[in-house]
Amino acid sequence: MAVSVHFFLASSLLLIFVSPSIAQQSFRPRALVVPVSKDASTLQYVTQVEQRTPLVPINLVVHLGGKFLWIDCEQNYVSSTYRPARCGSALCSLGGSDGCGDCFSGPRPGCNNNTCGVSPDNPFTNTATGGELATDVVSVNSTNGSNPGRAVTVPRFLFACAPTFLLQGLATGAVGIAGLGRNRAAFPSQFASAFSLHRKFAICLGSGNGVIFFGDGPYNFLPNVQYTSQSLTYTPLFINPVSTASAFTQGEPSVEYFIGVTSIKIDDKPVSLNTTLLTIDSEGNGGTKISTVNPYTVLESSIFNAVTEAFINEAAARNITRVASVAPFDVCFSRKNVPSTRLGYGVPTISLVLQNENVSWSIFGANSIVQVSDDVLCLGLIDGGSNPRTSIVIGGYQVENNLLQFDLATSRLGFSSLLFGRMTTCANFNFTSVA
């Protein structure tokens, strides 16, 4: 898709990174929690925080690989604590500012003179634009791992103002994007700095409701199911040396989360693949990333063909009958002869083998099969074409009801396997009771 980029600020690159101001309050939370819900129309994941003075609840689309928080400041942005980031300030460095300039109209949020700019982007439309860097109050709930606790506030949370048109393609009611990328201006690092939290965050997405934690566990779900660092499986996170954002400065690395898939198995049988596609080359192509932008996993064509052929063969051995495709899926089956199990429909298991044969991410029926009608089930994989930027993009559906912990300090991913195996779901964090 063509990239539409509009810049109104002079280009410059600032390389110094600093931490945001420490939140001024006596209570220091152990971790933070925000709710997530899946928008049925767009299949996007939406969270909510409070921002501004007075505080206003705002809905934001979750972008796991987003560089920062950006918000539409052209419509209904009213706050007594909005402060633009002035040219040459430490905030400009923190935000990775790509320019500094003036705005030739009356001052308002998003339009002030002598301010730094960045390039907020909408990954769903692959569009970027220029936006003013600023700070304002952000408030979220603390947590003990079991319930939401008292609200805590970051007085000067760094974000970008964007024009209204950048909201195109986002879930109805969303006013911007919450970036969770592995850089200093994204949610995880700003919260960790403000409250001296562990530089970790965990996502647990659901087909309806889910949860995001900032800070370390334990992460507790009803009925009495606990996940700690000891109960997760770990694999290294890799840095792609070339940015994967809609707009970026040359030499800037990607802030998305890449893992090292080394092979793929269907029911423990290896699939024959061109393994060079599984590594990231010097131009930033290839490899495997996790995305909340793609609703389903997208595979480079040769990988897609090999995986789906192996899956079809193993399904046939179980007397599962293939039927006509149903867009956007290529591979579909009759529901007849497909049993239901605790881990979803009883279909072949897809295993992403990671750093060695003993570490793999198992994708069971609950994450591989999409029921498109009463009678038809489809394999939730998408053909990404013969020359995609990233060979494997693990999409939202495949991570639902799996707890994923991103440890920025040690550059590793912890994953739980499907929560159904422990008789719980990502919707079972107890938001109804306040600690």
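Structure report, in brief. (Residues numbered from 1 in each chain as written. Predicted model: local features only at pLDDT ≥ 70, side-chain atom pairs only at ≥ 80, totals over all residues. Heavy atoms only, no water.)

Notes on the side chain of Glu 400
Then comes step 1: Position of Glu 400 relative to the elements: it lies in the loop between α5 (396–399) and β35 (402–407).
Then comes step 2: There is a polar contact of 2.6 Å between the side chain of Glu 400 and the side chain of Tyr 45.
Then comes step 3: With sequence-adjacent residues up to four places away left out, Glu 400 is seen in contact with Lys 38, Tyr 45, Leu 205, Gly 206, Ser 207, Asn 367 and Leu 418. (Helix = DSSP H or I, 4+ residues; strand = E, 2+ residues; numbered from the N terminus. Polar contact = N/O pair within 3.5 Å; in protein donor to acceptor, adjacent residues only side chain to side chain. Contact = heavy atoms within 4.5 Å.)

What to know about the pattern of salt bridges
Then comes step 1: Enumeration according to the criterion identifies nine salt bridges in this entry.
Then comes step 2: For Glu 252, the salt bridge is made with Lys 67, and the minimal N-O distance between the two is 3.3 Å. Of this pair, Glu 252 sits in the loop between β19 (233–238) and β20 (257–259) while Lys 67 sits in the loop between β5 (56–63) and β6 (70–72), and the two are 185 residues apart along the sequence.
Then comes step 3: Note on Lys 67: relative accessible area 14%, which makes it buried. (Salt bridge = Lys/Arg side-chain N within 4 Å of Asp/Glu carboxyl O. Buried < 20%, exposed > 50% of the residue type's maximum accessible area, 1.4 Å probe, protein only.)

What to know about the state of the cysteines
Then comes step 1: Evaluation of the coordinates by the stated rule reveals six disulfides.
Then comes step 2: Residue Cys 103 pairs covalently with Cys 111 via a disulfide, S to S 1.7 Å. Between Cys 103 and Cys 111, the S-S dihedral sits near -90°, and the bridge is therefore left-handed.
Then comes step 3: Look at Cys 111 and you get buried, because its relative accessible area is 0%.
Then comes step 4: A disulfide bridge connects Cys 332 with Cys 378, and the sulfur atoms are separated by 2.1 Å. Here Cys 332 and Cys 378 share a disulfide; its torsion about the S-S bond, 95°, makes the bridge right-handed. With Cys 332 in strand β26 (residues 332–334) and Cys 378 in strand β32 (residues 376–379), the pair connects residues that are 46 residues apart, well separated along the chain. The same class applies to Cys 332 as to Cys 378, namely buried.
Then comes step 5: In the protein chain, the cysteines engaged in disulfides, taken in order along the sequence, are linked 1-8, 2-4, 3-7, 5-6, 9-12, 10-11. (Disulfide = S-S within 2.5 Å.)

Description of unusual backbone geometry
Then comes step 1: Here the bond from Thr 53 into Pro 54 is cis, since omega is -5°, no more than 30 degrees from zero.
Then comes step 2: Within the secondary structure, Pro 54 sits in the loop between β4 (45–51) and β5.
Then comes step 3: Here the residue pair Leu 222 and Pro 223 is connected by a cis peptide bond, since its omega of -5° sits within 30 degrees of zero.
Then comes step 4: Relative to the helices and strands, Pro 223 is located in the loop between β17 (219–221) and β18 (225–227).
Then comes step 5: Of note in this structure, Asn 401 is not a glycine but carries a positive phi near 60°.
Then comes step 6: Looking at the element boundaries, Asn 401 is found in the loop between α5 and β35.
Then comes step 7: Among the residues examined, Asn 401 registers a relative accessible area of 9% and is labelled buried.

Remarks on the pairing of strand β29 (residues 350–353)
Put simply, side chains in a regular strand alternate between the two faces of the sheet.
Then comes step 1: In β29, alternate side chains face the same way, and those of Ile 350 and Leu 352 on one face and Ser 351 and Val 353 on the other are all buried.
Then comes step 2: Inspection of the sheet shows strand β21 (residues 263–266) paired to β29 by four bridges, in the antiparallel sense. In the sheet register, Lys 265 faces β29, and the bridge partner there is Ser 351.
Then comes step 3: Linking β29 back to strand β30 (residues 360–363) in an antiparallel pair, the connection comprises six residues. (Pairing = 2+ DSSP bridges.)

Side note on empty space enclosed by the protein
Then comes step 1: Within the structure shown, the criterion is met by three cavities of 30 Å³ or more.
Then comes step 2: By volume, the largest cavity is sized at about 80 Å³.
Then comes step 3: Around the largest cavity sit Ile 264, Thr 297, Leu 299, Val 307, Ile 350, Leu 352, Ile 363, Leu 381, Ile 392 and Ile 394, which together line it.
Then comes step 4: Looking at the lining of the largest cavity, the elements with two or more residues in it are β24 (297–299), β29 and β34 (392–394).
Then comes step 5: Class assignment of the residues belonging to the lining of the largest cavity gives a composition of nine nonpolar, one polar and no charged. (1 Å grid on protein atoms, 1.4 Å probe; cavity = no way out; pocket = protein on both sides within 12 Å on 5 of 7 lines; lining within 4 Å. Points joined across faces, edges and corners; volume = space filled by probe spheres on them. Nonpolar A, V, L, I, M, F, W, Y, C, P; charged D, E, K, R; others polar.)

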